[in-house]
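Notes for the structure review
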Amino acid sequence: MVIYLSLKPIKKKRLFEEIILAIEQYIKNENIQPGGKLPSENELSSIFQVSKTAVREAMSVLQANGLIEKRSGAGIFLKEIEGINTVSKSLVKNLFQNSEILEVLEFRRGIEVEAVSLAAIRATPEDIERISQAHEELIAANKAGGLGLEEDYNFHYAIILASHNSIYKEVFNKIASKFEEGMRISKLQSAKVPGRFAQAYKEHEDILKAICLKDPKLASEAMRHHLLENERKIWNGLQDS
């Protein structure tokens with residue numbers, strides 16, 4: 001069985017929430033219909049690199065809501081699709097409110113808009129190659145059916161490195177886990193919006209082009225637009241919950 005998910009090991013306190021979000025994405029990627037079989041708890045534990053206890057908790061939530069059925073000796077089967085979508089939206093709202101992601105989004109605007117402006121001035125050919133490669137790898141990951149979380153992170157981190165400001169790099173490293181948490185939610189929302197991945201590629205290309213042109217103002221504007229679009233997407237997803 002091929003599972004099209006590009007997620008790093010899950011490292012949250014409430015692991016079952018992210019497991020449910022990822023299961024929803026898997027169901028969409030594989031076009032599983034009611035009655036279709038899902039991966040076993042052991043397989044899910046291996047996929048997400050989390051304990052079987054966390055997987056069992058996630059499946060218990062889905063089973064309690066009547067969304068899956070466990071058949072002894074046969075496996076786990078999907079009973080309803082829309083209900084999982086409803087549960088996952090509620091969990092996204094919980095994740096957003098409980099993990100202070102709003103503050104992370106505000107912080108990103110504060111640091112990345114300025115960092116990209118410095119990158120437009122200071123980026124070396126090697127820096128530009130690193131940013132470009134991360135962008136291409138993100139496109140490839142999405143085309144392969146994955147979310148491209150690691151690749152997207154690498155794109156933004158490469159820009160931080162290209163700013164050649166050691167304090168930006170140090171601070172960015174310290175908030176990496178929160179940054180990835182917000183990015184994961186953003187990408188899960190993107191997967192639900194037709195054309196959003198293509199739009200993000202265009203925004204990345206605009207950022208990269210401005211860096212290549214060594215235009216700090218244009219680079220800052222492109223980055224601000226990209227981050228605000230991400231924030232709008234998250235908020236819209238929450239309002240639709």
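Whatever comes next refers back to the structure up there.
Computed from a predicted model, the values in this text were never measured in an experiment.

1. Some words on the environment of Val113
By the element assignment, Val113 lies in helix α5 (residues 101-122). A sequence separation of 103 residues divides Val113 from Pro216, and the C-alpha atoms of the two residues are 9.6 Å apart. If we skip the residues at most four places from it in the chain, Val113 touches Arg108, Ser220, Met223, Arg224 and Leu227.

2. Quick word on unusual backbone geometry
The phi dihedral of Asn31 is positive, around 55 degrees, even though this residue is not glycine. The class of Asn31 is exposed, set by a relative accessible area of 54%. Positive phi outside glycine occurs at His164, with the angle close to 55 degrees. Within the secondary structure layout, His164 lies in the loop between α7 (149-162) and α8 (166-174).

3. A short note on α7
Taking 1.5 Å per residue, 14 residues should reach 20 Å; α7 reaches 20 Å between its end C-alpha atoms and fits that length. For α7, a buried count of eleven out of 14 residues is recorded, marking the element as mostly surrounded by other parts of the structure. All of the buried residues along α7 are Leu149, Glu151, Asp152, Tyr153, Phe155, His156, Tyr157, Ala158, Ile159, Ile160 and Ala162. Just downstream of α7 lies His164, where phi reads positive at about 55 degrees.

4. Quick look at the nonpolar core
Of all hydrophobic cores here, the largest spans 20 residues; its most connected members are Val116, Ile131, Phe155, Ile159, Ile207, Ile211 and Met223. Those residues in contact with Phe155 that sit more than four places away from it in its chain are Ile131, Ala134, His135, His204 and Ile207. Core analysis: the second largest hydrophobic core is formed by 19 residues, Ile32, Val50, Met59 and Leu62 among them.

5. With respect to a negative patch on the surface
Together, Glu136, Glu137, Glu150 and Glu205 line one region of the surface with negative charge. Tracing the chain through its elements places Glu205 in helix α10 (residues 196-212). We classify Glu205 as partly exposed; its relative accessible area is 38%.

6. Observations regarding the sheet that holds strand β2 (residues 68-71)
Strand order in the open sheet formed by three strands is β1-β3-β2, with antiparallel pairing between adjacent strands. Across the chains shown, the open sheet's two edge strands, defined by having one partner strand only, are β1 (37-38) and β2. With two bridges joining them, β1 and strand β3 (residues 75-78) adopt antiparallel strand pairing. Of the residues in β3, the one forming a bridge with Leu38 is Ile76.

7. Structural notes on the packing of α7 against α8
Relative orientation of the contacting elements α7 and α8 amounts to 150 degrees, with a least axis distance of 9 Å. Considering the angle they form, α7 stands roughly antiparallel to α8. Contacts between α7 and α8 involve Tyr153, Tyr157, Ile160 and Leu161 from the former and Tyr168, Lys169, Phe172 and Asn173 from the latter. Looking at the contact of α7 with α8, its residues break down into six nonpolar, one polar and one charged.

8. A look at the packing of aromatic side chains
Applying the stated rule across the entire model yields five aromatic pairs. Centroid distance Tyr153 to Phe172: 6.0 Å. Interplanar angle 35 degrees. Geometry classified as tilted. On the criterion of sequence distance, the pair formed by Tyr153 in helix α7 and Phe172 in helix α8 is long-range, its members being 19 residues apart. By the burial criterion, Tyr153 is buried, and Phe172 matches it. On the basis of relative accessibility, which here comes to 1%, the residue Phe172 falls in the buried class.

9. So, the pairing of β3
Pairing geometry for β2 and β3, over four bridges, is antiparallel. Each bridged residue has a counterpart across the sheet, and for Glu69 the counterpart in β3 is Phe77.

10. What to know about the pattern of salt bridges
Here the structure, examined in full by the defined rule, presents nine salt bridges. With its nearest N and O atoms 3.6 Å apart, the salt bridge here joins Glu69 to Arg71. Since its relative accessible area comes to 36%, Arg71 is described here as partly exposed. Between Asp206 and Lys202 there is a salt bridge, and its shortest N-O distance comes to 3.0 Å. Here Asp206 and its partner Lys202 are both found in helix α10, four residues apart, which amounts to about one turn of the helix. Within this structure, Glu41, Arg56 and Lys70 form a network of salt bridges that share partners.

Definitions and limits used
Residues numbered from 1 in each chain as written. Predicted model: local features only at pLDDT ≥ 70, side-chain atom pairs only at ≥ 80, totals over all residues. Heavy atoms only, no water. Helix = DSSP H or I, 4+ residues; strand = E, 2+ residues; numbered from the N terminus. Contact = heavy atoms within 4.5 Å. Buried < 20%, exposed > 50% of the residue type's maximum accessible area, 1.4 Å probe, protein only. Expected span 1.5 Å × (residues − 1). Core = buried A, V, L, I, M, F, W, Y, C linked by side-chain atoms within 4.5 Å. Patch = residues over 30% accessible without salt bridge, like charges linked within 9 Å, V, L, I, M, F, W, Y side chains within 5 Å. Areas by Shrake-Rupley, 256 points an atom, 1.4 Å probe, with all protein chains shown as cover. Salt bridge = Lys/Arg side-chain N within 4 Å of Asp/Glu carboxyl O. Lys, Arg positive; Asp, Glu negative; His and termini not counted. Charge placed at Lys NZ, Arg CZ, Asp CG, Glu CD. Pairing = 2+ DSSP bridges. Axes fitted to C-alpha atoms, helices over the stretch in contact; angles between N-to-C directions. Parallel < 35°, antiparallel > 145°, perpendicular 65-115°, else oblique. Nonpolar A, V, L, I, M, F, W, Y, C, P; charged D, E, K, R; others polar. Phe/Tyr/Trp six-rings, centres within 6.5 Å; stacked < 30°, edge-to-face > 60°.

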